[in-house]
Amino acid sequence: MKKLILLTICLFISFTAFSQTTTSQAGAWNSGATWGGSVPTSGTNVVIAHDVTCNSEQTAGTMTVNSGITLTVNTAGKLTANGEVTNNGTIVVTGGENASGSLIAKDASSFTYTYKLYIPATEWKLVGIPVTNLTVDDVDNDLATNGSKVGIGYYDSTSSSWVVLLSSATTTLLDQTRGYEMMHSTGAVVDFTGGLRTQDRSTTTTFLNKWTLLGNPFPSYLRLSNDATG
C-alpha cells in the first residue's frame, strides 16, 4: 500500500510539474475562455496558438508562440516566464509616454521580440536599448534631425557633454551598457526589434564626481517614483 501511495504521489507531482495548456481562442491572457479553462500559472507550460494580449500580472512555465501568432504585453501587462521561451511568431512589449509593459524570461535563451516605446518631439527622452545588435538605422527613419545630426545622442562622461550622432552614422551599433537621449520628428511610438539580452548587465566605467547615463537593457520596467524604497 505504501508503494502504491508513493507511486500515486510521484505521478501527481510529475503531472503537475509538466502540465501544458494551449490557447483555444484569441483574447486576454487573464481570461479563462482564452485557454478553454484555467488561466496558466507559474508551473504551466504555455503554447500560444492564437493572438493573446497580456494586460495584467501573469506567470507561466515555458512559453511557445506559434508561427503567425502575436503575443502582446501592453503597458499594464507584467508577464514572467520561468522557463524557456520559443518565439516562432511575434512578441511585442508596448510602452507609453510614462509607463511600459514588462516581460521577464528567467531561464530563456535569446529570442527575437519588438519593444515599442513612445519618443516625444519637443524634448529629449532618456532611453535604454532593450534589444541586442541594434544599429542607429534599425531604430527609426523618422527621428528628429538638425542639419547633419540625427535625434540620438549619449552623454560623454569624460568631457561632461552630450554627443549627438550624425545622420550618416546609420551602421553605428548602439551600446546596451549606455543610456541614450532620443527625439522624434513628430512624436510617435518607435519600434526596437532585436534579441533578448541573456547576460548580466555590465555597467560603464565609473567616473569620480561625474555624471554617467545608464540604460536598462531588459524589457522589464520599474517606475522608481512609485516604489523608490521597495
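Quick caveat, the model's predicted, so the values are computed rather than measured. (Residues numbered from 1 in each chain as written. Predicted model: local features only at pLDDT ≥ 70, side-chain atom pairs only at ≥ 80, totals over all residues. Heavy atoms only, no water.)

### Some remarks on the side chain of Thr34
Our working definition: To qualify as a helix, a DSSP run of H or I must reach at least 4 residues; to qualify as a strand, a run of E must reach at least 2; elements of each kind are numbered from the N terminus. Exposed residues in this analysis have more than 50% of their type's maximum accessible area, buried residues have under 20%, and partly exposed residues fall in between, with area computed by a 1.4 Å probe over protein chains only.
Tracing the backbone through its elements, the reader meets Thr34 in helix H2 (residues 32–35). Exposure remark for Thr34: the relative accessible area of 1% places this residue in the buried category.

### Description of unusual backbone geometry
Most peptide bonds take the trans configuration, and most residues that are not glycine carry a negative phi. The phi dihedral of Asn133 is positive, around 55 degrees, even though this residue is not glycine. Its place among the elements puts Asn133 in the loop between strand E13 (125–128) and helix H3 (136–139). Within the chain, Ser160 stands out as a residue other than glycine whose phi angle is a positive 55 degrees. By secondary structure assignment, the location of Ser160 is in the loop between strand E15 (149–156) and strand E16 (161–166). Given a relative accessible area of 38%, Ser160 falls into the partly exposed group.

### Notes on the nonpolar core
The nonpolar side chains of soluble globular proteins are, as a tendency, buried together. Convention followed: Side-chain atoms within 4.5 Å link the members of a nonpolar core, which is a set of buried Ala, Val, Leu, Ile, Met, Phe, Trp, Tyr and Cys residues. Residue contacts are counted whenever heavy atoms from the two residues lie within 4.5 Å of one another.
Grouped together as the largest cluster of nonpolar side chains are 42 residues, with contacts concentrated most on Trp29, Ile48 and Phe192. In terms of residues, this core owes the most to one element, strand E12 (residues 112–119), which gives four residues. Not counting the four nearest positions on each side in its chain, Phe192 is found in contact with Tyr113, Thr114, Tyr115, Leu117, Val127, Ile129, Pro130, Val131, Leu134, Val139 and Met182.

### A word on the sheet that holds strand E5 (residues 57–60)
Heads up, the condition is: What makes two strands pair is DSSP finding at least two bridges between them. To obtain each axis, a line is fitted to C-alpha atoms, and for helices this fit is confined to the stretch in contact; angles are then taken between N-to-C directions over 0 to 180 degrees.
If you trace the three strands from one edge of the open sheet to the other, you get E5-E8-E11, paired in parallel fashion. Edge strands, defined here as strands with exactly one partner in the open sheet, are E5 and strand E11 (102–105). Going across the sheet, the axis of each strand differs from the next one's by a mean of 10 degrees, ignoring polarity. As paired strands, E5 and strand E8 (residues 78–81) are joined by four bridges and run parallel to one another. Looking across to E8, one finds that Gln58 is bridged to Leu79.

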